[in-house]
Amino acid sequence: MLVNLKTILSGAREGGYAVGLFNCVTLEMTRGIIAAAEELRSPVIIGPGESLLPGASLPDYADMMLGIARRASVPVAVHFDHGFTPELVEEAISLGFTSVMYDCSMLSFEENVRRIREMAKKAHAAGCSLEAEIGHVGQGEDYTENGAADGLTEPETARRFAEETQVDALAVAVGTAHGVYKGTPRLDFDRLKEIHETVDVPLVLHGGSGTGMDNLVRASRLGIRKLNINTELLIEAREQVRRELQEDPEIDYSVLLKHGKDAVVRRLRTYMQALHSSGKAWS
């Protein structure tokens, strides 16, 4: 069942749970994510990001994911993640993605507001949800032993941003990082709690891979309603494929893909259960 992000996050806010955005790059990963969601009766968010487009075009991803989402027996939002190029974000909207993220977090507050406000009008006119980011979630390679070096979200700034842009979801920086952490993940839970109490928009946590399940569960209790996972799933599939090839270098490629997908499904079960989205699907 294809729905937009706002619909999924409305249920998450009411129920006090978080829903995963699981980035996917292949048909097998997409099918695995939907299979796990259907097995556990969990709403789910799938989709590529701009950084993944060298592997396929936006129309390619749309053709694959939208059809699978429509046939799913659970609510599925198809999301274009971390769109930095406005033309690509608008293309995703026109292709039928039900959610897009326009990432202007590296720009000034004023320019971020201006661009997001303009994109919100276009997305909402098409029935598409819009996510933006205030503060900036950096890369794991830049992480230090003391945590994120800079870019953490200020609660009052987040409130102003949400009110002035009318976004449907707001990604915040509270100490996570994209990719593989160089240091130990250190989340500023006091900051997250204050943001949650200040901002009347569902909050998003990027950089969930490697952050630790205890940290993620605590973040969901403090207001995170959408959690992004990418790197961890890619590593899980890669390691499964590596083991298979070591055991049988002549293994059939189709079997290899299936086993990689199964590894992703096993990992997804732990997320959906821990974040309490399992059993929350509606029909």
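Below is a summary of the structure that appears in this document. Per-chain numbering applies: the sequence of each chain, read as written, is numbered from 1 onward. Note on the predicted model: pLDDT of at least 70 is required for a residue's local features to be given, and 80 or more for side-chain atom pairs to be given and counted; whole-chain, interface and lining totals, by contrast, use all residues. Each side-chain value is derived from all of the structure's non-hydrogen atoms; neither hydrogens nor water enter the calculation.

This next bit is on the side chain of Thr165. Where helices and strands are cited, they refer to DSSP runs of H or I of at least four residues and of E of at least two residues respectively, numbered from the N terminus. Along the chain, the position of Thr165 falls in helix H6 (residues 155-165). Working definition: with a 1.4 Å probe on protein chains only, accessible area under 20% of the residue-type maximum means buried, over 50% means exposed, and in between means partly exposed. Taking relative accessible area as the criterion, Thr165 reaches 1% and is therefore assigned buried. One polar contact links the side chain of Thr165 to the main-chain carbonyl oxygen of Phe161, over a distance of 2.7 Å. A contact between two residues is defined here by any heavy atoms of the two lying within 4.5 Å. Leave out the neighbours within four places in its chain, and Thr165 touches Val113, Ile116, Arg117 and Ala120. Definition of a polar contact: a pair of N or O atoms within 3.5 Å, with one able to donate and the other able to accept a hydrogen when the atoms are protein atoms, and with sequence-neighbouring residues admitted only if both atoms are side-chain atoms.

Turning our attention to the packing of helix H4 (residues 86-95) against helix H5 (residues 109-125). An axis is simply a line fitted to the C-alpha atoms; with a helix, the fit covers only the stretch in contact. Between two such axes, the angle follows the N-to-C directions and lies from 0 to 180 degrees. At their nearest, the axes of H4 and H5 sit 10 Å apart, and the two run at 15° to each other. Classified by the angle their axes make, H4 and H5 are roughly parallel. Judged by the twist between their axes, the crossing of H4 over H5 is right-handed. Each of Pro86, Val89, Glu90 and Ile93 in H4 lies in contact with H5, whose residues at this interface are Met119, Lys122 and Ala123. The cut-offs work like this: below 35 degrees is roughly parallel, past 145 is roughly antiparallel, 65 to 115 is roughly perpendicular, and the gaps in between are oblique. Should the near helix be turned anticlockwise from the far one by less than a right angle, the crossing is left-handed, and should it be turned clockwise, the crossing is right-handed.

Salt bridges are counted wherever a side-chain nitrogen of Lys or Arg sits within 4 Å of a carboxyl oxygen of Asp or Glu. Summed over the entire model, instances satisfying the criterion amount to 18 salt bridges. Note that Glu39 and Arg269 form a salt bridge whose closest N and O atoms lie 2.9 Å from each other. Highlighted residues: Glu39 in helix H2 (residues 27-40) and Arg269 in helix H10 (residues 253-274), separated in sequence by 230 residues. Each of Glu111, Arg114, Arg115 and Glu118 takes part in salt bridges that share partners, so that together they form one network.

As a further point, take the pairing of strand S3 (residues 76-83). Counted residue by residue, S3 has 8 buried out of 8 residues, so it is predominantly covered. Strands qualify as paired when DSSP identifies two bridges or more between them. Here strand S2 (residues 44-47) runs beside S3; their pairing, made up of 3 bridges, is parallel. Across the sheet, Val44 pairs through a bridge with Val76, a residue of S3. The definition of a right-handed crossover adopted here requires that, viewed with the strands pointing away, the path from the first strand over the helix to the second runs clockwise. Running through helix H3 (residues 58-71), the crossover from S2 to the neighbouring parallel element S3 is right-handed. Bridge count for S3 against strand S4 (residues 99-102) is 3 bridges, and the pairing is parallel.

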